[in-house]
Amino acid sequence: MADRCTVPGAEKVIWSVKATAQFNSDCAFLLREAFRSGRIRLIATEYDADEYLAEIKAYASLSPSEKLQIKLPYIQTTLLIDELTKLQHETTNGKVKIFEKAGMRKDRYSSLSYNYYVAIQLENKVSKKSNNSLGENDWYVIKPPSGSRKAVRGTNGYAQNRTWW
């Protein structure tokens, strides 16, 4: 995919996704777990945002187009929630397939799930680099040593290879 770029030395900023059934299933599981664990929290819906924005004195004096620009993220959140609640799924051989009802879309779902997957990949890459740079002084003892207790290496007492999702 990178060979399609016509600009020599262009910065790599696009993540190309060639989704397989396994990849889509992994994304669905990751996204579900992210919502369950609280790693993903959405902003308020457009209806709740109306109340919040009304409390801001300067908001009333804005033009309609400026108000719309401020409300767009909240509108998109409302549309995402609506889309997510209307999705259907089926499980076959341990893989989940997400699909939309006839006439509906799942663009926001796909965007969110793929971007969350990329965020996890970047997080793992950064975590791996920082864990590899730990020195001898980075070893921590969680509790006083005994025959059954061990020292661990990592951040907040977690082992290096622990995945967050």
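These numbers come from a predicted model, not from an experiment.

What about the overall build of the protein chain?
Here comes step 1: Scanning the protein chain from terminus to terminus reveals four helices and four strands.
Here comes step 2: Listing the helices and strands of the protein chain from first to last along the sequence gives α-α-α-β-β-α-β-β.
Here comes step 3: The 165 residues of the protein chain split such that 19% are buried.
Here comes step 4: Across the protein chain, the fraction of contacts at a sequence separation of at least 24, relative to all contacts at a separation of at least 6, is 53%.
Here comes step 5: Approximately 12700 Å² of the protein chain is accessible, and the part contributed by carbon and sulfur atoms is 53%.

Considering a nonpolar patch on the surface
Here comes step 1: A cluster of nonpolar side chains, Phe-35, Leu-42 and Ile-81, forms an exposed patch at the surface whose accessible area comes to about 210 Å².
Here comes step 2: For Leu-42, the location among the structural elements is in the loop between helix H1 (21–37) and helix H2 (46–54).
Here comes step 3: What makes Leu-42 partly exposed here is its relative accessible area of 35%.

Some points on the nonpolar core
Here comes step 1: One finds Ala-28, Leu-30, Leu-31, Ala-34, Ile-40, Leu-87, Val-96, Ile-98, Tyr-109, Tyr-116 and Ile-120 forming the largest nonpolar core, which totals eleven residues.
Here comes step 2: Listing elements by their share of this core, those giving two or more residues are H1, strand E2 (95–99) and helix H4 (107–132).
Here comes step 3: No other element matches H1, which puts four residues into this core.
Here comes step 4: With near-sequence residues (within four places) excluded, Ala-34 lies in contact with Arg-39, Ile-40 and Tyr-116.

A look at the pairing of E2
Here comes step 1: Burial along E2 is one-sided: Val-96 and Ile-98 are buried, while Lys-95, Lys-97 and Phe-99, pointing the other way, are not.
Here comes step 2: Connecting strand E1 (residues 88–92) to the next strand, E2, in antiparallel fashion are two residues, including Asn-93 with a positive phi near 55°.

Some thoughts on the confidence of the model for the protein chain
Here comes step 1: Per-residue confidence for the protein chain gives a mean pLDDT of 83; residues scoring 70 or more make up 79%.
Here comes step 2: Overall, residues 141–145 carries pLDDT values under 50, and its contacts beyond four positions in sequence, including any with other chains, amount to five contacts.
Here comes step 3: Here residues 148–165 is a poorly scored stretch, pLDDT under 50, and it has 31 contacts once near neighbours within four places are set aside; other chains count.

Digging into the packing of aromatic side chains
Here comes step 1: Counted according to the given criterion, the structure contains two aromatic pairs.
Here comes step 2: Aromatic pair Phe-23 and Tyr-114: ring centres 5.5 Å apart, planes at 50°, arrangement tilted. A residue pair is termed long-range when its members are at least 10 positions apart, and Phe-23 in helix H1 and Tyr-114 in helix H4 qualify at 91 residues.
Here comes step 3: Tyr-114 gets classed as partly exposed once you look at its relative accessible area, which sits at 23%.

Some remarks on the pattern of salt bridges
Here comes step 1: Taken as a whole, this structure holds five salt bridges when the rule is applied.
Here comes step 2: One salt bridge in this structure joins Arg-39 and Glu-123, with 2.7 Å as the shortest N-O distance. One end of the pair, Arg-39, is in the loop between H1 and H2; the other, Glu-123, is in helix H4, and 84 residues separate them in sequence.
Here comes step 3: The exposure class of Glu-123 is partly exposed, given its relative accessible area of 28%.
Here comes step 4: When the shortest N-O distance is used, the salt bridge between Asp-107 and Arg-105 registers 2.7 Å.
Here comes step 5: Judged by its relative accessible area of 44%, Asp-107 is partly exposed.
Here comes step 6: Here Arg-105 falls in the exposed class, since its relative accessible area comes to 57%.

Cut-off values and rules
- Residues numbered from 1 in each chain as written.
- Predicted model: local features only at pLDDT ≥ 70, side-chain atom pairs only at ≥ 80, totals over all residues.
- Heavy atoms only, no water.
- Helix = DSSP H or I, 4+ residues; strand = E, 2+ residues; numbered from the N terminus.
- Buried < 20%, exposed > 50% of the residue type's maximum accessible area, 1.4 Å probe, protein only.
- Contact = heavy atoms within 4.5 Å.
- Areas by Shrake-Rupley, 256 points an atom, 1.4 Å probe, with all protein chains shown as cover.
- Patch = residues over 30% accessible without salt bridge, like charges linked within 9 Å, V, L, I, M, F, W, Y side chains within 5 Å.
- Salt bridge = Lys/Arg side-chain N within 4 Å of Asp/Glu carboxyl O.
- Core = buried A, V, L, I, M, F, W, Y, C linked by side-chain atoms within 4.5 Å.
- Pairing = 2+ DSSP bridges.
- pLDDT = per-residue confidence, 0-100.
- Phe/Tyr/Trp six-rings, centres within 6.5 Å; stacked < 30°, edge-to-face > 60°.

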